[in-house]
Amino acid sequence: MDKAGLKYTRQQGIQVWYEEIKMDLGFRADIIVEQKVIIEIKSVEAITPVFFKTLLTYLKLTNKKLGLLVNFNVALIKDGITRVANNLLILCVLSVFARPNHFFTQRRYERKVKKRVNQ
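Along each chain, residues carry numbers from 1 onward, in the same order as the chain's sequence is written. Only residues with pLDDT of at least 70 are given local features in this predicted model, and only at 80 or more are side-chain atom pairs given and counted; all residues enter the totals for whole chains, interfaces and linings. Working from all heavy atoms in the structure, the side-chain values ignore hydrogens and water.

Caption draft 1: Fine view of the overall build of the protein. Numbering goes from the N terminus for both helices and strands, where a helix is a DSSP run of H or I of at least four residues and a strand is a run of E of at least two. Helix and strand content of the protein: 2 helices and 7 strands. Secondary structure elements in the protein, listed N-terminal to C-terminal, are β-β-β-α-β-β-β-β-α. For the protein, long-range pairs separated by at least 24 residues make up 35% of all intrachain contacts whose partners lie at least 6 apart in sequence. The method behind every accessible area is Shrake-Rupley, applied with a 1.4 Å probe, and residues are considered shielded solely by the protein chains displayed. For the protein, the accessible surface area stands at approximately 8,400 Å², while carbon and sulfur atoms represent 54% of it. By definition in these notes, contact holds between two residues if any of their heavy atoms fall within 4.5 Å.

Caption draft 2: Here's a closer look at the confidence of the model for the protein. Summing up the model confidence of the protein, the mean pLDDT is 76 and the portion of residues at 70 or higher is 74%. Low pLDDT, under 50, characterises residues 89-104; the stretch is placed with 38 contacts to residues that sit more than four places away or in other chains. Scored from 0 to 100, pLDDT reflects the predictor's confidence in each residue.

Caption draft 3: Focus on the pairing of strand β4 (residues 66-71). Think of it this way: DSSP has to see at least two bridges between two strands before they count as a pair. Relative to β4, strand β3 (residues 37-42) runs parallel, the two sharing 6 bridges. Bridged to Ile41 within β4 is Val70. Taken together, the 5 bridges between β4 and strand β5 (residues 81-85) define a ladder with antiparallel strand orientation. Bridge pairing in β5 links Leu66 to Ala85.

Caption draft 4: Structural view of the environment of Lys36. Note that Lys36 resides in the loop between β2 (21-33) and β3. Each residue's exposure class comes from its accessible area (1.4 Å probe, protein chains only) as a fraction of the maximum for that residue type: buried when under 20%, exposed when over 50%, partly exposed otherwise. Looking at Lys36, the relative accessible area reads 58%, which means it is exposed. For the pair Lys36 and Tyr8, spaced 28 residues apart in the sequence, the C-alpha separation amounts to 9.6 Å. Leave out the neighbours within four places in its chain, and Lys36 touches Lys64, Lys65 and Leu66.

Written out as structure tokens, the structure reads:
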């Protein structure tokens, strides 16, 4: 990102307000790029719905629109990148559940996850 001239911060603490209570460190974002995109880094066997929901919560708390969930425990890095969007019609691209570049809305994604868990 330095070579591309992008501004970023690593392990940035984010303040969270709950009702009238201020928490100085609500969570730590792995990487925030240009104050627009949150990147969460993982190295796990499989991305579970909790990772998706966690990143979506971070996006909502910071009022950002786009996040990337990056799993390094895959043969090809392109298979380990999941796009997560906040308050947009198209919420994520998941090669885990469909052909690459097949778009899902959040509701369809949750149904697919629930269906896979129940099998």
